[in-house]
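Residue strings, one per chain:
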Amino acid sequence: MKKKNFFSGFNAKLALTAVALTGALLTGCYKDDGLDASTPTGTTELPAAVYTITGTVIDGETMAPISGITVSADKILSSKTVANGGFSYSSTDDGVIGGNTYTFSFSGNTYYEAGSASVAVTKLNAGESGVYPVLLALQPTYNGTYNLNLVETSGLTIDASEYTIQQGETSVSAPLSAGTYLITVTKEGYKTNYTTVELPKLRTDADTETKTVYVTLVPEEEEEVGTVHIRGELKMNGSYYSAKSIKIYSYENSEKGELLGINEGYTYDFEVSEAYFTEVATRAEATTTNKTATFYFEIVDQDEVTIAYTKEYTITTSGQGGSTSDADVTINFQVGITASDPVTVQDEATTVTIDICNDDETSGLPFTITYTKKEGTVVAESDYEEVLSGAGMTSGNTLYDLIEAGLTPEASSEYTTTPNSVWNSKTDAGYVIPVNYWLQTVDVAYSYTQISYEVSSITITAEGAELTEYPTAVIGASSKLNTANGIVVDNYVLDTVSHSHSHGHGHGDNQNAGGGILESE
């Protein structure tokens, strides 16, 4: 005879630190051919217990197996080198492994944070074997570095000797770790340019990335004018909208003009020459001047979806030149979702055979139907996944997720069901089988409340801003949500009870009705 315990699956929540999980003991009895021969005295000597510890080491972020690290255990187990994410120990020495708890740690790889996991090894009897799994999920380190590539927006070459990089008050050179840096460009014949760049954390095992930084240099001989900071935030329905690139262009004669700067993320800060602004008529005695300019913005998100708009800015200057003005504007795109009035829909009816006679119950005979009750809301019909995919969007993109949430409010992945629910004709519908009638069949259907949702618009809330380009394909993307209402029972098929029929069914003297069964879908 053999006996087995099966190790159940694990579900490890991986966070910033390693998470370990050990499994249950797997044991197996000896086979007949594994026994020693019987001695003349009739006794049998069982083989020594076999202990096996199997380990798995994975990347806690990508779930990929890790190789080339050394795993060590406390107590007396020897170190092991992990190959293809796995390692193992096996022994028949009951005093070495059995009845101990071991803690495993790793070394030899700077790409991961320190991690450990423990496994308890149960003492076995002779003839038994046990397998003890242990999982090490290691959190990667984030000490990756960057190189910088400076690009002047008009195509002018910037040599390495013409710019410096500072972090705080300290001058640094590439490769650069994550952080905020000030880049100062001092090219002969051009005004000094100051640009700030933010470098996010990068995995230590990643190749050194190259970050392109765009700057605009102004010749020194140009007329001295003020610099205007055009800055703000990007939002989508009030939440931050991270862009792969944010570009600002001049806007002349209702057309996109010269590229003035490039940013990324959900904040933008451009330095624009006051020369792009036009003076607004003012009183002759005024000591300040109002100037306006319209700029063209082009937002490209992580799915390469483009949303472009124009925005007019007004600044006030002293007219002396060289001053700095600020224009702060939060740009908030709004996705409009419209919902229809609720309507009642139902599935195609299923005919249920009842076959109940009422020969003499004058007050009428009720009957029951057993069915699977549904509760909850699901998306019954939708085209938004196909429409958004056709517009170049994928799940995880800000705009995609926002539209999906608007088209599937309070929708669960499936209905919750309660088997063997009972519908009673008298208490639930006020219906009984009249005396001297035979109920043959009824139609049963599931009923739902349905609401249709549709993307109706994409707008921009910043005053003076006007959309010029956006993913028009998403307008009209829709879904229908069904909320379960129970069942509808109608179309009762009755016939007059004949003497032969009523006795042929043998439904009993007490006239208790039978019940139909509606199978769940």
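Refer to the preceding data block for the structure.
To keep things clear, this report deals only with the structure shown in the data block. What you are looking at is a predicted structure, and each value in this text was computed from that prediction instead of being measured.

## Looking at the packing of aromatic side chains
Under the counting rule described, the total for this entry stands at 20 aromatic pairs. Taking the centre distance of 5.8 Å and the plane angle of 45 degrees together, the rings of Y89 and F104 count as tilted. Within this pair, whereas Y89 is found in strand β6 (residues 86-91), its partner F104 is found in strand β7 (residues 101-107), the two being separated by 15 residues in sequence. For the pair Y89 and F104, one class covers both residues: buried. Seen from their ring centres, Y240 and Y266 are 4.4 Å apart, and the 35 degrees between their planes marks the pair as tilted. Taken together, the positions of Y240 in strand β17 (residues 239-240) and Y266 in the loop between β19 (255-265) and β20 (267-273) put the pair 26 residues apart, joining distant regions of the chain. For Y240, a relative accessible area of 43% translates into the label partly exposed. Ring-pair connections join several aromatic residues into one group, and the members of that group are Y241, Y268, F270, F277, F295, F297, Y309, Y313 and F333. We note K235 situated over the ring of Y240; from NZ or CZ to the ring centre the distance is 5.1 Å. Sitting over the face of the ring of Y313, K311 holds its NZ or CZ atom 4.7 Å from the ring centroid.

## Points about the pattern of salt bridges
One pass over the full model with this rule turns up eleven salt bridges. Put simply, D59, E61, R203 and D205 are held in one network by salt bridges that share partners.

## Some details on the sheet that holds strand β14 (residues 193-199)
Pairing in this open sheet of four strands is antiparallel, and the strands run β12-β11-β13-β14 from one edge to the other. For this open sheet the edge positions go to β12 (170-172) and β14, each flanked by a neighbour on one side alone. Across the sheet, the mean angle from the axis of one strand to that of its neighbour is 35 degrees, orientation sign disregarded. One ladder, built from three bridges, connects strand β11 (residues 163-167) with β12; its direction is antiparallel. Of the residues in β12, the one forming a bridge with Q167 is T170.

## Looking at the sheet that holds strand β5 (residues 80-81)
Taken in spatial order, the four strands make up an open sheet running β5-β4-β7-β8, and their pairing is antiparallel. Each edge of the open sheet carries a strand with a single partner, namely β5 and β8 (116-120). Relative to β8, β7 runs antiparallel, the two sharing five bridges. The residue of β8 that forms the bridge with T101 is A120.

## Digging into unusual backbone geometry
Of note, the amide linkage connecting A174 to P175 takes the cis form, showing an omega dihedral of 5 degrees. Mapped onto the fold, P175 is located in the loop between β12 and β13 (179-185). Positive phi, close to 55 degrees, is recorded for N84, a residue that is not glycine. Here N84 is to be found in the loop between β5 and β6. At D355, a position not held by glycine, the phi torsion is positive, near 55 degrees. Summarising the element assignment, D355 is placed in strand β27 (residues 350-358). Judged by relative accessible area, D355 falls into the partly exposed class, the value being 32%.

## As for the pairing of strand β16 (residues 227-236)
Where β16 and β20 come together, seven bridges link them in antiparallel fashion. Note that in β20 the partner of I230 across the bridge is F270. The sheet contact formed by β16 and strand β25 (residues 331-339) spans three bridges and is parallel. Residue L234 lies in a different strand from β25, and its bridge partner there is I331. With two bridges joining them, β16 and β17 adopt antiparallel strand pairing. Bridging from a neighbouring strand, M236 pairs with S239 of β17. Joining the antiparallel neighbours β16 and β17 is a turn of two residues, in which N237 adopts a positive phi near 55 degrees.

Analysis parameters
Residues numbered from 1 in each chain as written. Predicted model: local features only at pLDDT ≥ 70, side-chain atom pairs only at ≥ 80, totals over all residues. Heavy atoms only, no water. Phe/Tyr/Trp six-rings, centres within 6.5 Å; stacked < 30°, edge-to-face > 60°. Helix = DSSP H or I, 4+ residues; strand = E, 2+ residues; numbered from the N terminus. Buried < 20%, exposed > 50% of the residue type's maximum accessible area, 1.4 Å probe, protein only. Lys NZ or Arg CZ within 6 Å of the ring centre and 35° of its normal. Salt bridge = Lys/Arg side-chain N within 4 Å of Asp/Glu carboxyl O. Pairing = 2+ DSSP bridges. Axes fitted to C-alpha atoms, helices over the stretch in contact; angles between N-to-C directions.

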